[in-house]
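A look at the structure
If you want the building blocks of each chain, they are given just below.
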Amino acid sequence: MQLFTNPNSPFARKVSVSALELGLAGRIESLEVSLTPVSPHAGVRERNPLGKIPALITDDGETLYDSPVICEYLDALAGGGRLFPASGPARWKALRRQALADGIADAAVLVRYETAARPVPLQWREWLDGQWLKIRTALDALERDTLDGAFDIGSISIACAIGYLDLRFAQEPWRQSRPRLSSWLGALAERESLAATRPG
Ligand code: BEZ
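What you are looking at is a predicted structure, and each value in this text was computed from that prediction instead of being measured.

1. Concerning the site of the ligand
Asn6, Asn8, Ser9, Arg112, Tyr164 and Arg168 make up every residue found near the ligand. Between the ligand and tyrosine 164, the relevant distance is 2.7 Å, taken from an oxygen atom to a side-chain nitrogen or oxygen of the residue. Between an oxygen atom of the ligand and a side-chain N or O atom of arginine 168, the distance comes to 2.7 Å. Calculation on the ligand without its partners gives an accessible area of 260 Å², and the protein chains cover 86% of this total. Applying the majority rule of atoms within 2 Å of the grid points places the ligand in the largest pocket. Across the shell around the ligand, the residue classes tally to one nonpolar, three polar and two charged. Residues from two domains meet in the shell around the ligand; each of domain 1 (2–77) and domain 2 (88–195) gives at least three.

2. What about the sheet that holds strand β3 (residues 55–57)?
With respect to topology, four strands assemble into an open sheet ordered β2-β1-β3-β4, the strand pairing being mixed. At either margin of the open sheet sits one strand with a lone partner, and together these are β2 (29–32) and β4 (63–64). For strand β1 (residues 2–5) and β3, the ladder comprises three bridges, and the chain directions are antiparallel. Following the sheet pairing, glutamine 2 is matched in β3 by isoleucine 57. In this fold helix α3 (residues 67–77) packs onto β1, β3 and β4, with an angle of close to 40° to the strand it touches most, β3.

3. Topic: the packing of aromatic side chains
Across all of its chains, the model carries one aromatic pair by this definition. For the ring pair tryptophan 132 and phenylalanine 169, a centre distance of 5.1 Å and an interplane angle of 85° mean the geometry is edge-to-face. Placement of the pair is tryptophan 132 in helix α5 (residues 125–144) and phenylalanine 169 in the loop between α6 (153–168) and α7 (179–188), with a sequence separation of 37 residues. With respect to class, tryptophan 132 is no different from phenylalanine 169; both count as buried. The lysine or arginine in question, arginine 91, covers the ring of tryptophan 92, its NZ or CZ lying 5.8 Å from the ring centre. Taking the ring centre of phenylalanine 151 as reference, the NZ or CZ of arginine 191 above it sits at 3.6 Å.

4. Describing the domain arrangement of the protein
Looking at the protein, the domain boundaries give domain 1 (2–77) and domain 2 (88–195). Between domain 1 and domain 2, the C-alpha centre-to-centre distance is 20 Å. Listed by partner, the interface residues are 16 residues for domain 1 and 20 residues for domain 2. Of the roughly 1500 Å² buried where domain 1 meets domain 2, counting both sides, 62% is carbon and sulfur surface. Aspartate 102 is the salt-bridge partner of lysine 14, the closest N and O atoms lying 2.9 Å from each other. Of all elements in the fold, only α1 (10–22) and α3 reach the threshold of two or more residues within the side of domain 1 that touches domain 2. Broken down by element, the side of domain 1 that touches domain 2 gets its largest block of residues, eight residues, from α1. For the side of domain 1 that touches domain 2, the per-class residue count stands at eight nonpolar, four polar and four charged.

About the thresholds
- Residues numbered from 1 in each chain as written.
- Predicted model: local features only at pLDDT ≥ 70, side-chain atom pairs only at ≥ 80, totals over all residues.
- Heavy atoms only, no water.
- Near = heavy atom within 4 Å.
- Polar contact = N/O pair within 3.5 Å; in protein donor to acceptor, adjacent residues only side chain to side chain.
- Areas by Shrake-Rupley, 256 points an atom, 1.4 Å probe, with all protein chains shown as cover.
- 1 Å grid on protein atoms, 1.4 Å probe; cavity = no way out; pocket = protein on both sides within 12 Å on 5 of 7 lines; lining within 4 Å.
- Sits in = over half its atoms within 2 Å of the grid points.
- Nonpolar A, V, L, I, M, F, W, Y, C, P; charged D, E, K, R; others polar.
- Domains from an automatic or database assignment.
- Pairing = 2+ DSSP bridges.
- Helix = DSSP H or I, 4+ residues; strand = E, 2+ residues; numbered from the N terminus.
- Contact = heavy atoms within 4.5 Å.
- Axes fitted to C-alpha atoms, helices over the stretch in contact; angles between N-to-C directions.
- Phe/Tyr/Trp six-rings, centres within 6.5 Å; stacked < 30°, edge-to-face > 60°.
- Buried < 20%, exposed > 50% of the residue type's maximum accessible area, 1.4 Å probe, protein only.
- Lys NZ or Arg CZ within 6 Å of the ring centre and 35° of its normal.
- Buried area = accessible area lost by both parts, 1.4 Å probe.
- Salt bridge = Lys/Arg side-chain N within 4 Å of Asp/Glu carboxyl O.

Spelled out as structure tokens, the structure:
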């Protein structure tokens, strides 16, 4: 398999962590690319009409995207039910956490593009504030979450989304008012798959 990836992408990191956890990393060749919406990558666009990473080329020559689909595919390849609980409340909890974390990462990447790639006079303050409101409200929801001991696609997604915040917005004091989330994440970050893929 081949994976279009970038070490700083929180979505690509989800795939790398999942592959390590499932013992599949050795079967995936990384194709590292740099892209933004204003500097797309032709090879990625050929495989994913949305032009986004991660995109996985399977051994059958199919291309899979985006990160939830790729991670669930890898989980199925490894037998299923390891990172994606097969059914019941545990499944919906893991998928909801994944959706919430991916939403944080989406908003954070948009803020990054707006502030790092867009000329300052063209930046839209209210739009940026709207993205930060999403991020902070979602972090508050995670602080209230039970954050039980389950290690699954939900916890992987949360770790990767917040890892991206720490990479690109280290000045954002999100830990101050969210001690439970902070200590939960601190313990999780020691895990080999997360330590090995830490960006920056
Ligand atoms: C970044 O460098 O911030 C980045 C790289 C790839 C995807 C998203 C963000």
